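# Remarks on the overall topology
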Amino acid sequence: MYPGSCFGRKGDNVTEEKSKYIIVGASAAGMAAAHTIRLHDRQGSVTVLSEEPDTPYFRPLIPFVVSGKKRAEDMVLSGCGPYTGRDIFVRTEARVESVNTAEKTVSVQGSGVLAYEKILFATGSRPYIPPEIKGTDTKGVFALRTLAHARNMAKRVKTSDHAVMLGGGLLNLKAAFALLERGLKVTLVVYSPEVLSQLMEPEDAFLIRKAMDTAGLKIKTGCAATHIISEHTGVTGVALDHGGEMSCRMVCIGKGVRPNVEFLNGTNVWIDGGIVTDRYTACSAPDAFAAGDVAVTFKPGSGDRIMTALWTNAVEMGRCAGRNMAGVKTAYSGTLGILNATQVAEEPFVSMGVVHTKDRDFEVYRHATDTTYRKVVFNPQGTRLMGAVFIGDITNAGLYRYVIRGKMPVMHIKRYIMDHTLHYGHVMTGKM
Amino acid sequence: MSQPKEIFVKTHRCVGCLSCTIACAVEHSKSKTLFGAISETPVPKSRVYVQWVEPDGKVPLVCRHCEDAPCMYACISGAISRDENGVVITDTDKCIGCWTCVMVCPYGVIGRHLEEHKAYRCDRCPDREIPACVSACPTGALVYDTVDSFSAKVRNHVSRELLRAERG
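Notes on the structure follow. Bear in mind that the values here come from a model prediction, so they are computed numbers and not experimental data.

## Description of the overall build of chain A
Helix and strand counts for chain A stand at 9 helices and 26 strands. Computed over the C-alpha atoms, the radius of gyration of chain A is 23 Å, within 12% of the 22 Å expected from 2.2 N^0.38 for a compact globule of 432 residues. Along the longest, intermediate and shortest principal axes, the C-alpha atoms of chain A span 70 × 65 × 35 Å. Residue pairs at least 24 apart in sequence account for 62% of intrachain contacts in chain A once pairs closer than 6 positions are excluded. When the accessible surface of chain A is summed, it comes to about 18100 Å², and 49% of that surface belongs to carbon and sulfur atoms. In chain A, which carries 51 positive and 41 negative side-chain charges, the distance between the mean positions of the two groups comes to 4 Å.

## Structural notes on the interface of chain A and chain B
Each side of the interface is counted separately: chain A has 40 residues, and chain B has 33 residues. For the pair chain A and chain B, the two sides together bury roughly 3000 Å², of which 63% comes from carbon and sulfur. At the boundary of chain A and chain B, one finds 2 salt bridges. The salt bridge involving Arg319(A) is made with Asp68(B); its shortest N-O contact spans 2.5 Å. For the side of chain A that touches chain B, the secondary-structure elements that each account for two or more residues are helix H6 (311–325), strand S22 (339–344), strand S23 (347–353), helix H7 (397–405), helix H8 (414–419) and helix H9 (424–428) of chain A. Taken together, the residues of the side of chain A that touches chain B break down into 21 nonpolar, 12 polar and 7 charged.

## Focus on unusual backbone geometry
Residues and elements named next belong to chain B. Look at the link from Thr41 to Pro42: it is a cis peptide, with omega at -10 degrees. In this structure, Pro55 follows Glu54 across a cis peptide bond, with omega equal to 5 degrees. Counting through the fold element by element, Pro55 comes out in the loop between strand S2 (49–53) and strand S3 (57–61). Non-glycine residue Trp99 carries a positive phi angle of around 70 degrees.

## A word on the packing of aromatic side chains
All names here are of chain A. Tallied over the full model, the rule gives 8 aromatic pairs over all chains. Consider the rings of Phe58 and Trp311, whose centres lie 5.7 Å apart with planes at 45 degrees: the pair is tilted. A residue pair is termed long-range when its members are at least 10 positions apart, and Phe58 in the loop between strand S2 (46–49) and helix H2 (62–67) and Trp311 in helix H6 qualify at 253 residues. The two residues Phe58 and Trp311 agree in class, both being buried. Ring geometry for Phe298 and Tyr332: centres 6.1 Å apart, planes at 80 degrees, overall edge-to-face.

## Thoughts on the sheet that holds strand S9 (residues 162–166) of chain A
All names here are of chain A. Taken together, 5 strands build an open sheet; the order of strands is S8-S15-S9-S10-S11 and the sheet is parallel. Strands with a single pairing partner mark the edges of an open sheet, and in this sheet they are strand S8 (141–142) and strand S11 (218–221). One ladder, built from 4 bridges, connects S9 with strand S15 (residues 250–253); its direction is parallel. Residue Ala163 lies in a different strand from S15, and its bridge partner there is Met250. In the packing of helix H4 (residues 170–181) onto the sheet, the strands contacted are S9, strand S10 (185–190) and S15, and the crossing angle to S9 comes to about 175 degrees.

The rules behind the values
- Residues numbered from 1 in each chain as written.
- Chains lettered and ligands numbered in written order.
- Predicted model: local features only at pLDDT ≥ 70, side-chain atom pairs only at ≥ 80, totals over all residues.
- Heavy atoms only, no water.
- Helix = DSSP H or I, 4+ residues; strand = E, 2+ residues; numbered from the N terminus.
- Rg over C-alpha atoms; globule rule 2.2 N^0.38 Å.
- Contact = heavy atoms within 4.5 Å.
- Areas by Shrake-Rupley, 256 points an atom, 1.4 Å probe, with all protein chains shown as cover.
- Lys, Arg positive; Asp, Glu negative; His and termini not counted.
- Charge placed at Lys NZ, Arg CZ, Asp CG, Glu CD.
- Buried area = accessible area lost by both parts, 1.4 Å probe.
- Salt bridge = Lys/Arg side-chain N within 4 Å of Asp/Glu carboxyl O.
- Nonpolar A, V, L, I, M, F, W, Y, C, P; charged D, E, K, R; others polar.
- Phe/Tyr/Trp six-rings, centres within 6.5 Å; stacked < 30°, edge-to-face > 60°.
- Buried < 20%, exposed > 50% of the residue type's maximum accessible area, 1.4 Å probe, protein only.
- Pairing = 2+ DSSP bridges.
- Axes fitted to C-alpha atoms, helices over the stretch in contact; angles between N-to-C directions.

See below:
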């Protein structure tokens, strides 16, 4: 046992519980930070506070609990991948009510006050439930975010035959496919003209749309739900803005997320949408840092402020925060606002950087075949790669990301980029 | 612990014969023989790639098992870890085929196994003393060595070249 790791065990001469490092939130950013701290500080006590009842898990896997393909115990984070640090104390069902940044303490619901030397706010985000949709507070209406939500959703499947998904984002699509796998009829209601509107433009999405149609997903675009119809057993239908109604026993809302910042109300921590961080992931209070969905960070190069809700970004930022907390000063390199890879139905795709080009001044190159589609976006001068969408064939996507992120001059490799033949051999032989 | 060996690439020696890719696929087949491998379904996959760079460059590319492996940190399912020999391993059971690793690997050496819907990569041939690609390379373009030993040989070579140049 390391000295100072007595957190949670009250000694006679200890008047206040204390942990050198306190991390609020036990998902991607929080756990990445905790394990990174342990790499650089083998002694200091690291305590992670999670309001969830489950020990940390890989959140992106929760749709598999709905589909029944994975059990919760297959998704446990500790001990997997890079999360192998020792003596990291995770307290579940420990909701932080407030923080006193002057005295450097946090107040945990039901278990008193804890002191810290360094703190990380990694409280993440929660689903946004649009207030214009009435009647959402009833049984059978879900917004998939936690393992607990996934379990409840899986239970509801047994008494449902039709599920209506509100929102055409990636998480809702994954939930939709999980429900399809369980044999439900699934209808996706999307306000935008096409699915995945955050990650690509409507004309980029045709192959994905085709794959979704083939998979049996029903899609209604350009319409929105106005209210949820329910009775004592829960939801029985959804009313739509053009006057129609759909009967269903299950609704899943995927309308984006909002950062969990309320616990910092009344503190001097600068909040502008989320917690504003500097280049070193520090926020405006002393010895306090922020990472993940809750943090406002910046794009590389331009420095524009952005928030992202992506596992990969959260891990990267959490690792950077962990180093800074352990005294290894490290600048965060910033992140692309869009950075997604996945597979929808049988169609793999990658979307990164600038992908929305309509009415904007970019040089855009598109190429489509029966099974593949790509769009590469250059700056107006055509000298730098700004973004890319690859559907069907995502070969070497990582190298394109490297070129985008590094803002490399591309004139001499542009042909390869447009033909999707760029490979690392071009780097090794000095072509770029 | 002795320093682990790595696969080094001498691009100037590669003639693009693709012996490495065949040996790799065979090593990762069920039968582990060439004739067995070509008749297997799914077709065994090579984890080493030889890229062509015009006008006549050939560049073998293989997983670097990066010290700060982006794929391992980006993986959203905990499928990628590093073993005690420093080899970055993809656990096929845990892999969900989301391709996040493909999106972050700059070398482009993580393959997509379409039949199994899993990512695959170089595992440095755990059952062999020398990886199959290195054994198969007829020109010495692939070298299996420790960093210290390999760099010492490079220094040695350069020193000899310099001396030769000085002496005319």
